[in-house]
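Residue strings, one per chain:
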Amino acid sequence: MARQVKRAFRYRFYPTDEQAAELARTFGCARLVYNRALEERTRAWYNEQRRVSYAETSAMLTAWKRTGELAFLGEVSSVPLQQALRHLQTAFTNFFAKRAAYPRYKSRKKSRAAAEYTRSAFTWRDGRLTLAKMSEPLDIRWSRPLPEGAVPSTVTVSRDGAGRWLVSLLCEDTIARLDPVDQVVGIDAGITSLVTLSTGEKVTNPRHERRNRDRLARAQKDLARKAKGSKNRDKARQRVARIHARITDRRRDFLHKLSTRLVRENQTVVIEDLNVAGMVNNHRVARAISDAAWRELRTMLEYKADWYGRELVVIDRWFPSSKLCGDCGTVTESMPLTVREWRCDCGTVHDRDVNAARNILAAGLAVAACGDGVRPQRESSRTGQSSVKQETQPVTVGIPRL
């Protein structure tokens with residue numbers, strides 16, 4: 001059995017000088033339109049208590065193009081500008097639904113330089129992509145093939161901080177479901193071991209950021225010594241960005257391989273609903289937690305499980321996986337992070353991480369058997385809870401050992 005999904009395929013490309021100049025203008029115009037529309041919507045709300053719709057901002061854009069000050073907006077493709085307004089509308093929709101914070105202005109130096117083209121603003125012919133306002137197709141390096149007969153519905157062109165040009169093609173793809181297997185696994189996320197499986201296996205954390213920390217520190221020190229606004233400072237900034245890009249690429253590659261393996265080998269994968277945003281408030285472990293990228297791993301597991309017909313169960317973050325004895329069900333009152341192995345009153349000696357992974361698996365299977373699916377994240381105002389490991393107070397319900 002197979003299913004159709006929307007899937008983005010990203011490639012590097014090398015623009016000509018003319019194409020690079022056109023894209024740079026488009027990035028700047030899209031950012032300006034986004035900021036102007038945000039300013040107008042903010043003013044309308046605070047002055048008139050009125051919400052501005054996408055249609056109204058689109059009419060504003062037409063009026064802006066007719067002014068002498070912003071007439072240059074008509075020199076670039078109109079589609080990326082309209083897409084910027086649609087993205088702003090989505091940001092406000094998420095804000096009013098309390099799914100995100102209030103939209104922020106885009107900075108020329110800090111924001112991602114990107115432009116989105118829909119089907120009317122590019123030509124796809126014989127595997128060659130030509131954007132609006134350009135006479136030549138992009139020189140794309142096809143590191144992997146697109147799906148057979150695929151035609152992109154949306155094209156996003158961007159330039160990262162390291163100066164690399166990237167194009168993302170959104171296409172329809174057919175994903176074949178994997179054959180069912182009998183294996184199930186619980187996963188306990190950590191820092192020394194990136195994940196510990198209920199089978200007892202521990203996957204070592206590659207610590208990509210730590211491996212490049214000295215090189216990154218030298219590059220950042222060199223950047224700090226450059227005069228602001230100078231060309232040398234811009235070159236130094238790009239060197240720092242290239243190191244960050246290298247770290248990010250290596251981390252993402254590792255997480256993709258790990259998540260694919262877990263989904264392929266197991267029918268059910270159980271994880272914890274970790275409060276990563278709260279954990280990074282602890283300055284002692286914030287850098288290590290960010291390097292581990294638990295949130296990114298969970299995202300990969302979510303969409304890959306959905307693609308391949310697997311089940312991902314997320315248990316409540318307050319479940320005391322580390323403090324619960326998998327044999328007798330006793331919950332220890334205190335379990336500092338320094339304790340990696342502990343003995344229960346029943347006499348069982350536990351490896352902290354392996355025991356937690358087995359408890360997570362048992363709890364996840366119990367949730368799935370009850371038909372609850374993914375446990376919802378609950379708000380809590382508990383005091384005295386560790387920001388490193390969110391666990392509840394002692395409970396009396398035991399979970400059988402698997």
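Residues numbered from 1 in each chain as written. Predicted model: local features only at pLDDT ≥ 70, side-chain atom pairs only at ≥ 80, totals over all residues. Heavy atoms only, no water.

1. Points about helix α9 (residues 294-308)
So, point 1. The first and last C-alpha atoms of α9 sit 21 Å apart over 15 residues, in line with the 21 Å expected at 1.5 Å per residue.
So, point 2. Taken together, the buried positions of α9 are W294, L297, R298, M300, L301, K304, A305, W307 and Y308.
So, point 3. Note on α9: the residue one or two positions beyond its end, G309, has a positive phi of about 75 degrees. (Helix = DSSP H or I, 4+ residues; strand = E, 2+ residues; numbered from the N terminus. Expected span 1.5 Å × (residues − 1). Buried < 20%, exposed > 50% of the residue type's maximum accessible area, 1.4 Å probe, protein only.)

2. So, the sheet that holds strand β10 (residues 202-204)
So, point 1. Taken together, five strands build an open sheet; the order of strands is β10-β9-β8-β11-β12 and the sheet is mixed. The open sheet is flanked by β10 and β12 (311-315), the only strands paired with a single partner. With strand direction ignored, the average angle separating the axes of adjacent strands in the sheet is 25 degrees.
So, point 2. As judged from the three bridges shared by strand β8 (residues 184-189) and strand β11 (residues 268-272), these two strands associate in the parallel manner. Residue V185 lies in a different strand from β11, and its bridge partner there is V269. (Pairing = 2+ DSSP bridges. Axes fitted to C-alpha atoms, helices over the stretch in contact; angles between N-to-C directions.)

3. Observations concerning the UniProt feature "domain: Transposase putative helix-turn-helix" (unreviewed entry) in the chain
So, point 1. Taken from the UniProt record, the annotation "domain: Transposase putative helix-turn-helix" (unreviewed entry) applies to residues 1-49.
So, point 2. The distance separating the terminal C-alpha atoms of residues 1-49 is 52 Å; by composition the span is 65% helix and 24% strand. (UniProt positions renumbered as here; feature names shortened; annotations may be inferred.)

4. A look at the domain arrangement of the chain
So, point 1. We note that the domain assignment places domain 1 (2-176) and domain 2 (184-206 + 242-370) within the chain.
So, point 2. Facing the eight residues of domain 1 at the interface are seven residues of domain 2.
So, point 3. Here domain 1 and domain 2 share an interface that buries about 680 Å² over both sides, 50% of which is from carbon and sulfur atoms.
So, point 4. Broken down residue by residue, the surface that domain 1 buries against domain 2 is led by R3, A162 and I175, which jointly contribute 50%.
So, point 5. There are two salt bridges connecting domain 1 and domain 2.
So, point 6. For R3, the salt bridge is made with D306, and the minimal N-O distance between the two is 3.1 Å.
So, point 7. Among the elements of the structure, β1 (2-13) and β7 (165-176) are those that each provide at least two residues to the side of domain 1 that touches domain 2.
So, point 8. For the side of domain 1 that touches domain 2, the element with the most residues is β1, which contributes four residues.
So, point 9. Residues that form the side of domain 1 that touches domain 2 fall into these classes: four nonpolar, no polar and four charged. (Domains from an automatic or database assignment. Contact = heavy atoms within 4.5 Å. Buried area = accessible area lost by both parts, 1.4 Å probe. Salt bridge = Lys/Arg side-chain N within 4 Å of Asp/Glu carboxyl O. Nonpolar A, V, L, I, M, F, W, Y, C, P; charged D, E, K, R; others polar.)

5. A closer look at the nonpolar core
So, point 1. Ranked by size, the top nonpolar core spans 29 residues in total, and within it I187, V195 and L301 carry the most contacts.
So, point 2. When contributions to this core are tallied by element, the ones reaching two or more residues are β8, β9 (193-197), α6 (231-265), β11, α8 (286-292), α9 and β12.
So, point 3. Looking at this core element by element, the count peaks at seven residues for α9.
So, point 4. Every residue in contact with V195, bar those within four places of it in the chain, is listed here: I187, D188, A189, E201, K202, V203, L258 and L297.
So, point 5. Counting residues in each nonpolar core, the second largest holds 25 residues, with F9, Y11, L146 and L169 among its members. (Core = buried A, V, L, I, M, F, W, Y, C linked by side-chain atoms within 4.5 Å.)

6. Observations concerning the pattern of salt bridges
So, point 1. Following the criterion strictly, the structure yields 29 salt bridges and no others.
So, point 2. A salt bridge links E22 to R25; the shortest N-O distance between them is 2.6 Å. Of this pair, E22 and R25 both sit in helix α1 (residues 17-48), separated by three residues, roughly a single helical turn.
So, point 3. Measuring nitrogen to oxygen at the nearest pair gives 3.2 Å for the salt bridge that ties R36 to E69. Of the two residues, R36 sits in helix α1 while E69 sits in the loop between α2 (54-65) and α3 (78-96), which places them 33 residues apart along the sequence.
So, point 4. Accessibility expressed as a relative area gives 58% for E69, which makes it exposed.

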